[in-house]
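If you want the building blocks of each chain, they are given just below.
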Amino acid sequence: MPHQLNQQEIAMLREEVEMLMQERASLLKVVGAAAVFVANTDGRDLPSEAAEAAEMLSTLVNNLPEETLKDALDSVHAAVPIGDL
C-alpha cells in the first residue's frame, strides 16, 4: 500500500510540475512581449496615465534576472543586442 501511495504522489507531483512549466512558458511570452513593447515605446508619446504604466512595466522588466529576460525574449523570438538588456 505505501508503494501505491508513493506512486500516486509522484504522479500528482509530475502533473503539478508540468502545469507549472506550462504556466512559466506562458508568463515568459507575456514578459517577452512586454519587454519588446517597452523597448519600442517612447514614453513621451504616451498619455500620462499610459506613461506611468509603461514606466512601471519598464522597471519590472529591468529588475528581472538577465537569464529570465533572455528566456522571455527568446520565447517571443525577439532579437535584442546583449548590451541593450
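Everything numeric in this text was worked out from a predicted model, so none of it was measured.

Q: I would appreciate a short explanation of the overall build of the protein chain in the present structure.
A: Each helix and strand counted, the protein chain has 3 helices and 0 strands in total. For the protein chain, the sequential pattern of α-helices and β-strands runs α-α-α. In terms of overall size, the protein chain is more extended than a compact globule, its C-alpha atoms giving a radius of gyration of 19 Å where 85 residues would be expected to give roughly 12 Å. The dimensions of the protein chain, computed from C-alpha atoms along their principal axes, are 65 × 30 × 20 Å.

Q: Explain unusual backbone geometry to me, please; I cannot follow it from the model alone.
A: Glycine aside, negative phi is the norm for most residues, and most peptide bonds take the trans geometry. Backbone geometry places H77, a non-glycine residue, at a positive phi of 60°. H77 sits in the exposed class, given a relative accessible area of 74%.

Q: In this structure, what is going on with the pattern of salt bridges? I would like to understand it.
A: Think of it this way: side chains of opposite charge can pair up when their charged atoms draw near. Following the criterion strictly, the structure yields 3 salt bridges and no others. D42 is the salt-bridge partner of R44, the closest N and O atoms lying 2.9 Å from each other. A residue is classified by how much of its surface remains accessible, and D42, at 29% relative accessible area, is partly exposed. K70 is paired through a salt bridge with E66; the nearest N and O atoms lie 3.3 Å apart. Linking K70 with E66, this pair stays in helix α3 (residues 66-75), spanning 4 residues, or about one helical turn. Overall, K70 belongs to the partly exposed group, its relative accessible area being 26%.

Calculation rules
- Residues numbered from 1 in each chain as written.
- Predicted model: local features only at pLDDT ≥ 70, side-chain atom pairs only at ≥ 80, totals over all residues.
- Heavy atoms only, no water.
- Helix = DSSP H or I, 4+ residues; strand = E, 2+ residues; numbered from the N terminus.
- Rg over C-alpha atoms; globule rule 2.2 N^0.38 Å.
- Buried < 20%, exposed > 50% of the residue type's maximum accessible area, 1.4 Å probe, protein only.
- Salt bridge = Lys/Arg side-chain N within 4 Å of Asp/Glu carboxyl O.

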